[in-house]
Amino acid sequence: MLGFLKRPVVVTADINLNVVALTAVGLLSRLWQLAYPRAVVFDEVYYGQYISFYMKRIFFLDGSGPPFGHMLLALGGYLGGFDGNFLWNRIGAEYSSNVPVWSLRLLPALTGALSVPMAYQILLELGFSHCAAMGAALLMLIENALITQSRLMLLESVLIFFNLLAVLSYLKFSNSQKQRPFSLSWWFWLMLTGVACSCAVGVKYVGVFTYLLVLAVASVHAWHLIGDRTLSHVRVLCHLLARAAALLVVPALMYLLFFYVHLILVYRSGPHDQVMSSAFQASLEGGLARITQGQPLEVAYGSQVTLKNVFGKPVPCWLHSHQSTYPMIYENGRGSSHQQQVTCYPFKDVNNWWIVKDPGRHQLVVGSPPRPVRHGDVVQLVHGMTTRFLNTHDVAAPLSPHSQEVSCYVDYNISMPSQNLWRLDIVNRESDADVWKTILSEVRLVHVNTSVALKLSGAHLPDWGFRQLEVVGEKVSRGYHESMVWNVEEHRYGKSQEQKERELELHSPAQMDVSRNLSFMARFLELQWRMLTVKSDGSEHKYSSSPLDWVTLDTSIAYWLHPRTSAQIHLLGNVVIWASASLATVVYALLFLWYLLRRRRSIRDLPEDSWLRWVLAGALCAGGWAVNYLPFFMMEKTLFLYHYLPALTFQILLLPAVLQHISDHLCRYRASAATPPTVPGPGVSQVVTWVWCGRGQRGTRGGRCGWLEAGRDGSWVSVRERGKAAYGPRSAGGVSRVAWCAVEKPESFVSQCEFWKLG
């Protein structure tokens, strides 16, 4: 029983010294003097602000991508003891002593260094030689654009790392599928593929292109798996469920996890939360949460409210009015009602307050008990400071002549009676009996007389309107738009009928924490929508470029200039590597089309395993370049040279693969075609001869060649495809015909093969 104690415990491990050496050199090239320069370099001014927000737990919104990449950079700052106190306002600004520059740049440098041995592993998993794999790794190592980008506090190297990790993990999984399906390593690589894909998307939205590429390749492999008749139906179903769980469910859960952690970390109000809804702002500590804490939840007749437009564009604003009236005649000669102006004002102001009034009663206070306002009720809105009613009539709006003017009614004793009844339409109601709720309810106010909805047009009024935003009445029949939707942000119960007392009224009702009603999914969906729809700065940058400039390397970026010396950092690619990689992509495309056309003509230039390896290498490498490059032609955003680096990485992987293919299948063919067959010596049990194959009539050229194996008695026993065409004279150098044979081809036709050997 204890016999194993009599023997030593031996642990053996296979260590690839190439991987060790590449990792060491990669780390050296990325970590050497990493803290230099100790100044803000280009987009570090952009990412550094978000790191400071994380350190101070302040909410922020970045439309360039999900928060995972920012959290990784912030992790470096946290481990380095950064307190977030640095003013990120200028490129080239010297870092203060409290900024751990080395720690902040560490993660991008590590991911950049690990991408080097990962390129080596990918080529090996694709079935290429160690020489080709080493070539790909060395190209990744010495490409100066990749070195520059990975030595700074930027996210491109992190994105490239997860892109390569996703591809490598899937190749490992695919290769283990052939040997040990459902083994521990099989599950590990499959799950790691899904995790890496979600991390790539979590760093930047463009990571979704590599994710879709991996999904496409996995889908093709799954389709072939379904057609494998050697597997039972249950086995096939298990394979498909495992892939769906790892490549669809796991990335979705990981993506949600990124936002969950993000919202836990940034729980304080900040400068970016103004673009979020009132409910979202109320869920943050400080800011609106301090104002709304303790507000009544249900809006009642007599409530004093501020109404914020849900659309929030061009800027967040609140329904507003003041004593000024519309001009009698506009600049274009049209007339107005000369009523009191109603606008949307982008700042907190006492003129933003309105009172919800019951049309059948005169009081402007909340009764006891309060009577809540429900969906479908007709109300009047009274401006708190001027006590005039919100009104609209058939008069064209000042800047939107196809919409109605909205005003507060002034009685001029003329034949224009007030039209101040509005029907409440709760857009996000769960039932028709829903109550109007503070912050949570999104409502439309539809005018009873003219069936127009209160809408923010977004146009800025002229100086007579104090450059505030125009509010109009838009026909409901023209369709729904978010600019028609409003929500109550601040709310209190009115207690006094007197105007003077009303202005000074401050009421603190029973505590009602509104933020608890906003779930994580509600905050996630709103934040995700804002990130996808936020408008990026479309202005031209002096270092911006077009996608066509990237391929030709007709652009560069000056990242940093030393203020006193001539030291500079430029993002500039290696012209030899970029040109060679682009040429390899063109060569691959031409060869692929050539092979495809010849296969259509039932001419197999490559053995099936070589053809499948060639196709998979193109799908992942050439396809990886295409999906990470071509979409930029359709993007309306400011583009820079570094956006091309993920695509370049896949091109670099393709370059040694194409060179090895040319060496193995094109150069060797010419050499073998020029070399005459060898004469086997006596006693040799196997004879290798040239095989002349033709389809149809004898002597037809352009067929395939193969090996012919002979037994000791000289009888022919089998023919194996060699995968190269044999062209040569029918009778030369003492060559004579030995035999004819019929070989069953994969394309299901019989070819006549004429065997030749030295006679």
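The structure presented is a predicted model; accordingly, all values stated were derived computationally and were not measured.

Colleague: Provide a residue-level description of empty space enclosed by the protein, including the pertinent values.
Modeller: Throughout the structure, instances matching the rule amount to five cavities of 30 Å³ or more. Approximately 80 Å³ is the volume found for the largest cavity. Taken together, Arg-30, Gly-112, Ser-115, Met-140, Leu-146, Gln-149, Ser-150, Glu-156, Ser-157, Ile-160 and Leu-645 make up the full set of residues lining the largest cavity. At the level of secondary structure, the elements contributing two or more residues to the lining of the largest cavity comprise helix H4 (101–125), helix H6 (144–150) and helix H7 (156–179). Per-class residue counts for the lining of the largest cavity are four nonpolar, five polar and two charged.

Colleague: Can you lay out helix H1 (residues 17–31) for me, pointing to particular residues and giving the numbers?
Modeller: Since the α-helix advances by 3.6 residues per turn, residues separated by three or four positions end up pointing in the same direction. Here H1 contains 15 residues, and its C-alpha end-to-end distance of 21 Å stays within 8% of the 21 Å for a straight helix at 1.5 Å per residue. Here H1 has its buried residues at Val-19, Leu-22, Thr-23, Gly-26 and Arg-30. The arc enclosing the buried residues of H1, seen along the axis, measures out at 100 degrees, which places them on a common side. Seen from the open side of H1, the exposed residues pointing more than 90 degrees away from its buried face are Leu-17 and Leu-28. Buried residues along H1 sit in contact with H4, helix H5 (130–142) and H6. Where H1 begins, the capping side chain belongs to Asn-16, and its oxygen is found 2.9 Å from the backbone nitrogen of Asn-18.

Colleague: Describe the side chain of Thr-343, with residues and values.
Modeller: Structurally, Thr-343 is set in strand S3 (residues 340–345). A distance of 2.4 Å separates a polar atom in the side chain of Thr-343 from a polar atom in the side chain of Gln-468. For Thr-343, the contacting residues outside a window of four places in its chain are Trp-318, Leu-319, His-320, His-322, Leu-461, Gln-468, Leu-469 and Val-471.

Colleague: Got a sec to walk through unusual backbone geometry? Specific residues and values, please.
Modeller: In this model, Tyr-36 is joined to Pro-37 through a cis peptide bond whose omega is -5 degrees. With respect to the helices and strands, Pro-37 occurs in the loop between H1 and helix H2 (44–56). At the junction of Lys-313 and Pro-314, the peptide bond is cis and its omega measures out at 10 degrees in the coordinates. In this fold, Pro-314 is placed in the loop between strand S1 (303–309) and strand S2 (318–325). For Phe-42, which is not a glycine, the phi torsion comes out positive at approximately 45 degrees. Mapped onto the fold, Phe-42 is located in the loop between H1 and H2. Looking at Phe-42, the relative accessible area reads 5%, which means it is buried.

Colleague: Could you give an account of the pairing of strand S6 (residues 390–396), naming the residues involved and the relevant values?
Modeller: Along S6, five of the seven residues are buried, which leaves the element largely enclosed by surrounding structure. Looking at chain direction, S6 and strand S7 (residues 404–408) are connected through four bridges and run antiparallel. Bridged to Ala-396 within S7 is Gln-404.

Colleague: An account of helix H16 (residues 575–600) is needed here, citing residue identities and associated values.
Modeller: Along its 26 residues, H16 runs 38 Å from first to last C-alpha, staying within 8% of the 38 Å computed at 1.5 Å per residue. Looking at H16, one finds that the buried residues are Ile-577, Trp-578, Ala-581, Ser-582, Ala-584, Thr-585, Tyr-588, Leu-591, Tyr-595, Arg-598 and Arg-599. The backbone nitrogen of Val-576 lies 3.0 Å from a side-chain oxygen of the residue at the head of H16, namely Asn-574. Following H16 by one or two positions, Ser-602 has its phi on the positive side, about 65 degrees.

Colleague: Go over the side chain of Ser-303, please, and point to the residues and values.
Modeller: Position of Ser-303 among the secondary structure elements: in strand S1. Judged by its relative accessible area of 0%, Ser-303 is buried. Here the side chain of Ser-303 touches Ala-300 through a polar contact of 2.9 Å, landing on its backbone nitrogen. For Ser-303, the side chain forms a polar contact with the side chain of His-491, separated by 2.8 Å. Sequence-distant contacts of Ser-303, defined by excluding residues within four places in its chain, comprise Trp-354, Ile-355, Val-356, Val-366, His-491, Arg-492, Tyr-493 and Gly-494.

Colleague: Lay out the state of the cysteines in plain terms, naming residues and giving numbers.
Modeller: Enumeration according to the criterion identifies one disulfide in this entry. The partner cysteine of Cys-317 in its disulfide is Cys-344, sulfur to sulfur 2.2 Å. Its S-S torsion of about 90 degrees marks the bond between Cys-317 and Cys-344 as right-handed, since a negative value means left-handed. Of this pair, Cys-317 sits in the loop between S1 and S2 while Cys-344 sits in strand S3, and the two are 27 residues apart along the sequence. Neither Cys-317 nor Cys-344 differs from the other in exposure class; each is buried.

Colleague: Can you lay out the nonpolar core for me, pointing to particular residues and giving the numbers?
Modeller: Leu-126, Phe-162, Leu-527, Tyr-559, Trp-578 and Leu-653 are the most contacted members of the largest nonpolar core, which totals 141 residues. Leu-319, Cys-344, Val-406 and Ile-426 belong to the second-largest nonpolar core, a separate cluster that totals 28 residues.

Colleague: Any details on the packing of aromatic side chains? Residues and values, ideally.
Modeller: Scanning the entire structure with this criterion turns up 44 aromatic pairs. Plain terms: the ring middles of Phe-68 and Phe-162 are 6.0 Å apart, the flat faces sit at 55 degrees to each other, and that makes the pair tilted. Of the two residues, Phe-68 is situated in helix H3 (residues 68–79) and Phe-162 in helix H7; the sequence distance between them amounts to 94 residues. The same class applies to Phe-68 as to Phe-162, namely buried.

Colleague: I'd like a description of the packing of H4 against H7, backed by residues and values.
Modeller: Interhelical geometry of H4 versus H7 gives an angle of 30 degrees and a closest axis separation of 9 Å. One way to sum up the angle between H4 and H7 is to call them roughly parallel. The two elements H4 and H7 cross, and the hand of that crossing is left-handed. Residues Pro-108, Thr-111, Gly-112, Leu-114, Ser-115, Met-118, Gln-121, Ile-122 and Glu-125 of H4 pack against Ser-157, Val-158, Ile-160, Phe-161, Leu-164, Leu-165, Val-167, Leu-168, Leu-171, Lys-172 and Asn-175 of H7. Here the residues of the contact of H4 with H7 are counted per class, giving twelve nonpolar, six polar and two charged.

The rules behind these values
- Residues numbered from 1 in each chain as written.
- Predicted model: local features only at pLDDT ≥ 70, side-chain atom pairs only at ≥ 80, totals over all residues.
- Heavy atoms only, no water.
- 1 Å grid on protein atoms, 1.4 Å probe; cavity = no way out; pocket = protein on both sides within 12 Å on 5 of 7 lines; lining within 4 Å.
- Points joined across faces, edges and corners; volume = space filled by probe spheres on them.
- Helix = DSSP H or I, 4+ residues; strand = E, 2+ residues; numbered from the N terminus.
- Nonpolar A, V, L, I, M, F, W, Y, C, P; charged D, E, K, R; others polar.
- Expected span 1.5 Å × (residues − 1).
- Buried < 20%, exposed > 50% of the residue type's maximum accessible area, 1.4 Å probe, protein only.
- Arc of directions from axis to C-beta.
- Contact = heavy atoms within 4.5 Å.
- Polar contact = N/O pair within 3.5 Å; in protein donor to acceptor, adjacent residues only side chain to side chain.
- Pairing = 2+ DSSP bridges.
- Disulfide = S-S within 2.5 Å.
- Core = buried A, V, L, I, M, F, W, Y, C linked by side-chain atoms within 4.5 Å.
- Phe/Tyr/Trp six-rings, centres within 6.5 Å; stacked < 30°, edge-to-face > 60°.
- Axes fitted to C-alpha atoms, helices over the stretch in contact; angles between N-to-C directions.
- Parallel < 35°, antiparallel > 145°, perpendicular 65-115°, else oblique.
- Left-handed = near helix turned anticlockwise from the far one by under 90°.

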